[in-house]
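What the coordinates show
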Amino acid sequence: MIPLIIADDHELFLEGVRDILSREDDLDVLALARTGQEALELTLQHHPDVVVMDVTMPKMNGIEASRRIKSSLEDVKILALSMHADKRLIAEILKAGASGYALKEGSSEELIRAIHIVSSGETYLSPKIASILIKDYLKLLDTAIPSQASLLSDREREVLSLLAKGSSTKEVASSLHISKNTVDTHRRRIMEKLDCGNIAELTRFAIREGLIDLG
């Protein structure tokens, strides 16, 4: 049995969610809260497993209520339930300690599944929320500081790969059809760009960056 508290300032929605969850044999709705302050007080009183928390409520919003609940009762899981797919609200309530974020537009089956997931200690994000966060993460990757490997030209990467595999200067020159002097020049530039002092350091770098196949 999963003891629950539901917090939302919209009476009809609150009653509707309670009715839906009360039909589940393994869910036990202990209390209903209509403000963030009530959510905090009822949680401290009843110690539920999960609080289904609206993000925007009067007399303390769901973000602050979540933060205070987690500071007092770390084991209580919080599932944010909101009509807003706002990145700022998502980030704030997750930082406050929520284990999941579901949208009110979702189905009752999704809400029930989300409660079970956060109750088990896992994180739940509705598909729409997950899509938003993934897109933001990909944008962050695009603007992230490039790795040192990106400083190398294609030819320098080829030379580095062969040197890291143990090839001699002569073997690299033969493999790439260039002179030994050219190989030496490439090696010197590679070491300068990567701030490596010897072949051993170059090898470790190449392994770390996936430039050589360890198989």
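As shown above, the structure is provided for reference.
Figured I'd write up the structure that's included with this text.

Quick notes on the rules
- Residues numbered from 1 in each chain as written.
- Predicted model: local features only at pLDDT ≥ 70, side-chain atom pairs only at ≥ 80, totals over all residues.
- Heavy atoms only, no water.
- Helix = DSSP H or I, 4+ residues; strand = E, 2+ residues; numbered from the N terminus.
- Buried < 20%, exposed > 50% of the residue type's maximum accessible area, 1.4 Å probe, protein only.
- Contact = heavy atoms within 4.5 Å.
- Pairing = 2+ DSSP bridges.
- Right-handed = clockwise from strand over helix to strand, strands pointing away.
- Axes fitted to C-alpha atoms, helices over the stretch in contact; angles between N-to-C directions.
- Salt bridge = Lys/Arg side-chain N within 4 Å of Asp/Glu carboxyl O.

Focus: the environment of histidine 84
The residue histidine 84 is located in the loop between β4 (77–82) and α4 (87–95) in this model. Take histidine 84: its relative accessible area is 31%, and that puts it in the partly exposed class. Here the alpha-carbon distance between histidine 84 and isoleucine 2, two residues 82 residues apart in the chain, equals 26 Å. Residues contacting histidine 84, with those up to four places away along its chain left out, are Thr56, Leu89, Tyr101 and Leu103.

Quick notes on the pairing of strand β3 (residues 50–54)
Burial analysis of β3 places five of its five residues in the buried class, the great majority of the element. Taking every second residue as pointing to the same face, both faces of β3 are buried, with Val50, Val52 and Asp54 on one and Val51 and Met53 on the other. Alignment of strand β1 (residues 2–7) against β3, held across four bridges, turns out to be parallel. If you follow alanine 7 over to β3, its bridge partner there is methionine 53. With five bridges connecting them, β3 and β4 associate as parallel partners. Within β4, the residue paired with aspartate 54 across the bridge is leucine 81. Tracing the backbone out of β3, into helix α3 (residues 62–72) and back to the parallel element β4 gives a crossover that is right-handed.

Regarding the sheet that holds β1
Read from one edge of the open sheet, six strands run β2-β1-β3-β4-β5-β6, paired in parallel fashion. In this open sheet, the two edge strands, each paired with only one partner strand, are β2 (27–33) and β6 (124–125). Note: β4 against strand β5 (residues 100–103), four bridges, orientation parallel. Paired with serine 82 across the two strands is leucine 103, which belongs to β5. Against the sheet, α4 touches β4, β5 and β6, its axis set at about 145° to β5. This element, helix α5 (residues 108–119), spans β1, β2, β3, β4, β5 and β6 of the sheet and lies at about 155° to β4.

A closer look at the pattern of salt bridges
Considering all chains together, one arrives at 13 salt bridges under this definition. With a shortest N-O distance of 2.4 Å, glutamate 15 and arginine 18 are connected by a salt bridge. Of the two residues, glutamate 15 and arginine 18 are both situated in helix α1 (residues 11–22); the distance of three residues between them amounts to about one turn of the helix. Among the residues examined, glutamate 15 registers a relative accessible area of 21% and is labelled partly exposed. Judged by relative accessible area, arginine 18 falls into the partly exposed class, the value being 31%.

The values are spatial; any link to function lies outside them.
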